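Listed below are the residues making up each chain.
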Amino acid sequence: MRVTGCWWDPVVVSFKPSFVASESVVPPLTRPQLAEARRVRAAELFGQGRTSTEIARMLEVSGESVRRWKRVWEEGGADALRRRPATGRPPKLDDAQVDEVRAALERGAQAHGFEADLWTLERVGLVVERLTGVSLSRASVWRLLTGRMGWSLQRPERRALERNESEIARWIAHEWPRIKRGR
């Protein structure tokens, strides 16, 4: 089925890991992690007796933010400036299930009986349901892929099946210069 008038095409949408996990590659810090690191650094600077203006300049934040952090720090110490766990409903999938889904998705869509080796939100949802018994909405599948698994949207490059790379290279090397010279 092909959806028209939609910002995404379910036939050509694919998901891949945003970065390759290896021992030498450290994933970048997320925004909440950076914000927490900034607040913790501010707490260290409060302990050194630095002024709010100095801290704001050093951390490149507003003076009001530093003053708010200082009030929190004075009341609860450095731990009060750390992130708190998210409130609300816990995720439907625990970490072990997410790892199981990640391993299954990395085997490719064809390994799960799909014709093309491309992942769509619907296909990922089916695999999640088969593996864990948990049914997720498309929005939840998106959050799973991008938020918890760190994957990003990939779109395959469109190329003609008849494309002949050697003929293209020959044309660029011989014909294009001749045309450009005007002969």
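Residues numbered from 1 in each chain as written. Predicted model: local features only at pLDDT ≥ 70, side-chain atom pairs only at ≥ 80, totals over all residues. Heavy atoms only, no water.

1. Focus on the overall build of the protein chain
Here is the rule: Per the convention used, a helix needs a DSSP run of H or I reaching at least four residues, while a strand needs a run of E reaching at least two, with both numbered from the N terminus. Throughout, exposure labels follow a simple rule: accessible area from a 1.4 Å probe, protein chains only, divided by the maximum for the residue type, with under 20% read as buried, over 50% as exposed, and the rest as partly exposed. Accessible areas in this description were obtained via Shrake-Rupley with a 1.4 Å probe; residue shielding takes into account the shown protein chains only.
When its secondary structure is counted, the protein chain shows seven helices and two strands. In the protein chain, the succession of α and β elements from N to C terminus is β-α-α-α-α-α-α-β-α. Residue burial in the protein chain is summarised as follows: out of 183 residues, 27% are buried. Carbon and sulfur atoms form 52% of the exposed surface of the protein chain, whose accessible area is close to 13,200 Å².

2. A short note on the pattern of salt bridges
Side-chain pairs of opposite charge can arise where the charged atoms are in close proximity. Note the following rule: Here a salt bridge means any side-chain nitrogen of Lys or Arg lying within 4 Å of a carboxyl oxygen belonging to Asp or Glu.
Counted by the stated rule, this structure contains 15 salt bridges. Residues Glu64 and Arg67 are paired through a salt bridge, measuring 3.6 Å at the closest nitrogen-oxygen approach. Of the two residues, Glu64 and Arg67 both sit in helix H3 (residues 63-76), three residues apart, roughly one turn of that helix. Arg67 gets classed as partly exposed once you look at its relative accessible area, which sits at 42%. We note a salt bridge from Arg148 to Asp95, for which the minimum N-O separation is 3.0 Å. Here the residue Arg148 occupies a position in helix H6 (residues 138-148), and Asp95 occupies one in helix H4 (residues 95-106), the gap between them amounting to 53 residues. On the basis of relative accessibility, which here comes to 32%, the residue Arg148 falls in the partly exposed class. According to the relative accessible area criterion, Asp95 is exposed, its value standing at 56%. Overlapping salt bridges, with partners in common, bring together Glu36, Asp79, Arg82 and Arg83 in one network.

3. Quick look at the packing of aromatic side chains
The way to describe two aromatic rings as a pair is by their centre distance and the angle between their planes. Just so we agree on the cut-off: Only the six-membered ring of Trp is used, alongside the rings of Phe and Tyr, when aromatic pairs are assigned; centres must lie within 6.5 Å, and planes under 30 degrees apart are stacked while those over 60 apart are edge-to-face, with the rest tilted.
The tally for this structure, following the rule as stated, stands at three aromatic pairs. Consider the rings of Phe46 and Trp73, whose centres lie 5.2 Å apart with planes at 40°: the pair is tilted. You can see Phe46 sitting in helix H1 (residues 31-47) and its partner Trp73 sitting in helix H3, a full 27 residues away along the chain. Under the relative-accessibility criterion, Phe46 is labelled buried at 6%. Since its relative accessible area comes to 23%, Trp73 is described here as partly exposed.

4. Some remarks on helix H7 (residues 165-181)
To be explicit about the condition: By this rule the span expected of a helix is its residue count minus one, scaled by 1.5 Å. What the bend at a residue measures is the angle between two axes, fitted to the seven residues ending there and to the seven starting there.
Between the first and last C-alpha of H7 there are 24 Å, a value that for 17 residues agrees with the 24 Å anticipated at 1.5 Å per step. At Ile172, H7 shows its largest kink, close to 40°. One or two residues past the end of H7 sits Gly182, with phi positive at roughly 90°.

5. Examining the environment of Val61
When you line up the elements, Val61 lands in the loop between helix H2 (52-59) and H3. Assessed through its relative accessible area of 21%, Val61 is described here as partly exposed. Along the backbone, Val61 and Arg38 are 23 residues apart, and their C-alpha atoms lie at a distance of 9.1 Å.

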